[in-house]
Amino acid sequence: MNLFSRLFNQLYPNQSEEKAIESEVLLREPIKHNKVFLKNYQEWIYNEMHHGLLNDLNEKRALRKEKSTEKINYFEVQNSTYSGFYFYGESRWSSTDYTYLVHYFFEQLKRVEYFLANSVREVIEEPEELKTTELFYLKPALKFRKETPYNQLYGNLEIEHKIVDGETKMVKLMSSVYNDQHYNTAMAFDELLNKLFLL
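All values derive from a computational prediction rather than experimental measurement.

Participant: Explain the packing of aromatic side chains to me, and be specific about the residues and the numbers.
Facilitator: Scanning the model with the defined rule gives 16 aromatic pairs in all. Between Y150 and Y183, the ring centres sit 5.4 Å apart and the planes meet at 65°, which makes this aromatic pair edge-to-face. With Y150 in the loop between β5 (130-140) and β6 (156-164) and Y183 in the loop between β7 (167-176) and α6 (189-196), the pair connects residues that are 33 residues apart, well separated along the chain. The pair Y150 / Y183 is uniform in exposure class, with both members buried. Here the aromatic cluster, defined as three or more aromatic residues joined through ring pairs, consists of Y74, F85, F87, Y98, F105 and F197.

Participant: Residue-level account of the nonpolar core, with values.
Facilitator: F85, L101, F105, L109, L196 and F197 are the most contacted members of the largest nonpolar core, which totals 37 residues. Elements represented by at least two residues in this core include exactly α3 (35-46), α4 (50-66), β3 (82-88), α5 (95-111), β5, β6, β7 and α6. It is α5 that provides the largest number of residues to this core, a total of eight residues.

Participant: Hey, could you go over α4 for me, with residue numbers and the actual values?
Facilitator: Taking 1.5 Å per residue, 17 residues should reach 24 Å; α4 reaches 25 Å between its end C-alpha atoms and fits that length. Taken together, the buried positions of α4 are H50, L53, L54, D56, L57, K60, R61 and R64. Across the axial projection of α4, the buried residues extend over an arc of 155°, all falling on one side. More than 90 degrees from the buried face of α4, the exposed residues found are E59 and E66.

Participant: Kindly report on the packing of α3 against α5, identifying the contributing residues and their values.
Facilitator: For any two helices packed against each other, one specifies the inter-axial angle together with the distance between the axes. Close contact between α3 and α5 brings their axes to 10 Å; oriented N to C, the two are set at 90°. Considered as vectors, α3 and α5 are oriented roughly perpendicular to each other. Taking contact as the criterion, the partners of F37, L38, N40, Y41, W44 and I45 in α3 are, on α5, D97, T99, Y100, L101, H103, Y104 and E107.

Participant: An account of the environment of N55 is needed here, citing residue identities and associated values.
Facilitator: Position of N55 relative to the elements: it lies in helix α4. Classification of N55 as partly exposed rests on a relative accessible area of 34%. Separated by 142 residues in sequence, N55 and F197 have C-alpha atoms that sit 8.0 Å apart.

Parameters at a glance
- Residues numbered from 1 in each chain as written.
- Predicted model: local features only at pLDDT ≥ 70, side-chain atom pairs only at ≥ 80, totals over all residues.
- Heavy atoms only, no water.
- Phe/Tyr/Trp six-rings, centres within 6.5 Å; stacked < 30°, edge-to-face > 60°.
- Helix = DSSP H or I, 4+ residues; strand = E, 2+ residues; numbered from the N terminus.
- Buried < 20%, exposed > 50% of the residue type's maximum accessible area, 1.4 Å probe, protein only.
- Core = buried A, V, L, I, M, F, W, Y, C linked by side-chain atoms within 4.5 Å.
- Expected span 1.5 Å × (residues − 1).
- Arc of directions from axis to C-beta.
- Axes fitted to C-alpha atoms, helices over the stretch in contact; angles between N-to-C directions.
- Parallel < 35°, antiparallel > 145°, perpendicular 65-115°, else oblique.
- Contact = heavy atoms within 4.5 Å.

Dropping the structure here:
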C-alpha cells in the first residue's frame, strides 16, 4: 500500500479511492439569492409556513433537555470553545422549506447585529448521487471591533445545509468563540437559540 493509500484510508476509512476519484466538483460559487427567491421566501413567511418547522424544533429542543439519551432528531453540543445544533431532514418538509428556514435564521441573526462574511455553494457529482452543500459564515458587526476587549456576541457562526439528490439531509449551526483577553465572554448559546427559534 503506497503512502497516498495509507493516508486516504486514515482520513476516509469507509470510502474507496475509486469513489473519491470518480467524484467531481460541478459547481463552487458564492450564494446570492435573487429577487424571485426573496419574493417566494416572503410569501413563505407571510403564509406562516415557518411555524410548523420552528414549533417542531422547539418541541424537540425541549425534549432533548429532558431526555438526553432518547432518539430525537435534534442534537446539541456545547463546550468552552464551540457550541452548535443539528438535525436531519424529514420527509414532511421539502428541501425548499429547509432552504427558507436557513434564510430565516440568517434574517434573525442580522437582527442581533451579525453580517454575512462569506457564503459558498458546492455541488459534487458522485456515481450514485448529487451532493450540494451550502455554507454561510457570519460574524458580529464590525462596530464591535473598535476597542478591546472585543464584544464577540455569540461567537463566529457557520450555518451548513446538506442536500443529496434534491432532499435535505442535514441542517447545522455552529458557533466558535474566543477565550482570550482580547474578547469579552461570549453570550449564552441558549439565548441565541431562543432568538433563532422565535416565531
